[in-house]
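# Coordinate inspection notes
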Amino acid sequence: LPPIRGQVDLEGVEFWYKADMPVLRGVNLHTLPGQRIALVGETGAGKSTVIRLIARFFDVSGGVIKIDRVGIRTGTQASLRSRRGIVLQDTFLFNGTIADNIRYGRLDASEEEVQAAAAAVGAHGFISNLQHGYGSDVGENGVNLSVGQRQLVSFARALLADPRLLILDEATSSVDTTTEKLIQQGLDRLMQGRTSFVIAHRLSTIIGADQIVVMDHGQIVELGRHEELLQRRGRYYDLYTMQWAQR
C-alpha cells in the first residue's frame, strides 16, 4: 500500500467462520480521513469482527474493504501493518524497559522522541517518578505496572509509530479517577488527526464520535452522531439509556 490519508470504505462486507453461521451480512460503511468511528452494540453484534477485518487479521468472505479507495487485499500485510496502530483492551507489554516497550512502535526512535510520545499521552509523569525512569523494567507482560500505567505506555507506543489508521478497544478495567482522566486525555491525543475505529465503552468517546455505528446480529442498524441518534429513539437510544446513561 502507498502512504495513506485514512479513508476507509466497507462495501457489502460479509464474513463467516462457517458457511451456515454468518457473522457479518452486507455491511456498508464509508469514513473520511481523520474521523472517529464508534462501534456500539450488544455482545456478539459483530463489532470486534469489523475491526479484525479492517486490521486484516481475517479476509472478508464477501464484499471488499478499501483504504483510500484501494482494496486492502491488493497490498501486503506488512505495508498495512506499518500504516495502522492497534491498542487493545488487554494491553501486552514485553519483558524489558519502558523505553523499549514504547520504542517497539518505531525501533529507530531516539530517546527524545520516546519521551515526547510519552508526554503527549500523559505517561511521562508516572514514568519519571519511577526509580529508573524510562529504564525501569516492566516485568513479564507489564506486571510491575498498574493497569492504567500499562495502558498509557501502549498509547505512547502507538503514538510514536504515528499510524494514519487507529483501531482501539478501550480499556474498561477499574482504575482510580485520576488515572481514568489520564487515559481519556491520552486517548484524545492519540486519535487526533487519525482515522480511528473504537469499540466504545466510554461515554465520552461515543458522544464525540463523528459516526456512531450501531450493530445488531452482524448488520448496521443505525448510523449517525450522538444527538441525531438519540432523537430517533431507536436502537441507539435504548442502548444509551440502558447502559451508558447509568454510568
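Here we summarise the structure given alongside this text. (Residues numbered from 1 in each chain as written. Predicted model: local features only at pLDDT ≥ 70, side-chain atom pairs only at ≥ 80, totals over all residues. Heavy atoms only, no water.)

## Topic: the packing of helix α4 (residues 111–120) against helix α6 (residues 147–161)
To keep things clear, this is the line we draw: Note on geometry: axes are C-alpha line fits, over the in-contact stretch for helices, and angles between N-to-C directions span 0 to 180 degrees. By definition, any uninterrupted DSSP run of H or I lasting at least four residues is a helix, any uninterrupted run of E lasting at least two residues is a strand, and each is numbered from the N terminus. An angle below 35 degrees is treated as roughly parallel, one above 145 as roughly antiparallel, one from 65 to 115 as roughly perpendicular, and anything else as oblique. Throughout, a crossing is termed right-handed when the near helix is turned clockwise from the far one, and left-handed when it is turned anticlockwise from it by less than a right angle. The contact definition used throughout considers only heavy atoms, calling two residues in contact when any of these lie within 4.5 Å.
Here α4 crosses α6 at 120 degrees, and the two axes come no closer than 8 Å. It follows that α4 is oblique to α6 by the angle criterion. Pair α4 / α6 crosses with right-handed handedness. For the pair α4 and α6, the contacting residues are Glu-113, Val-114, Ala-117, Ala-118 and Ala-120 in the first and Ala-156, Leu-159 and Leu-160 in the second.

## Examining the sheet that holds strand β2 (residues 21–31)
To keep things clear, this is the line we draw: Here, any two strands with at least 2 DSSP bridges between them count as paired.
One open sheet holds the four strands; their spatial order is β2-β1-β4-β5, and the pairing between them is antiparallel. Each having just a single partner strand, β2 and β5 (70–71) make up the two edges of the open sheet. Two strands pair when backbone bridges link them, and strand β4 (residues 62–67) and β5 are joined in this way by two bridges, in the antiparallel orientation. Bridging across to β5, Lys-66 finds its partner in Gly-71. Packed onto the sheet, helix α1 (residues 47–54) meets β1 (8–18), β2 and β4 and runs at close to 110 degrees relative to β1.

## Concerning the sheet that holds strand β10 (residues 219–224)
Across the sheet, six strands lie side by side as β6-β7-β8-β3-β9-β10; this open sheet has mixed pairing. Each having just a single partner strand, β6 (84–87) and β10 make up the two edges of the open sheet. Direction aside, the axes of adjacent strands within the sheet are offset by 20 degrees on average. Of the strand pairs in this sheet, strand β3 (residues 36–40) and strand β9 (residues 211–216) are connected by four bridges, and their pairing is parallel. Directly across from Leu-39, in β9, lies its bridge partner Val-213. Running over the sheet, α1 touches β3, β7 (165–169), β8 (195–199) and β9 and is turned about 150 degrees from β8.

## Overview of α1
Where we set the bar: Each residue is placed in one exposure class: buried if its accessible area under a 1.4 Å probe, protein chains only, is under 20% of its type's maximum, exposed if it is over 50%, and partly exposed if it falls in between.
Counting buried positions along α1 yields six of eight residues, so the element is predominantly enclosed. Along α1, the residues that are buried comprise Lys-47, Thr-49, Val-50, Ile-51, Leu-53 and Ile-54. Downstream of α1 by a residue or two, Arg-56 has a phi angle that is positive, lying close to 60 degrees.

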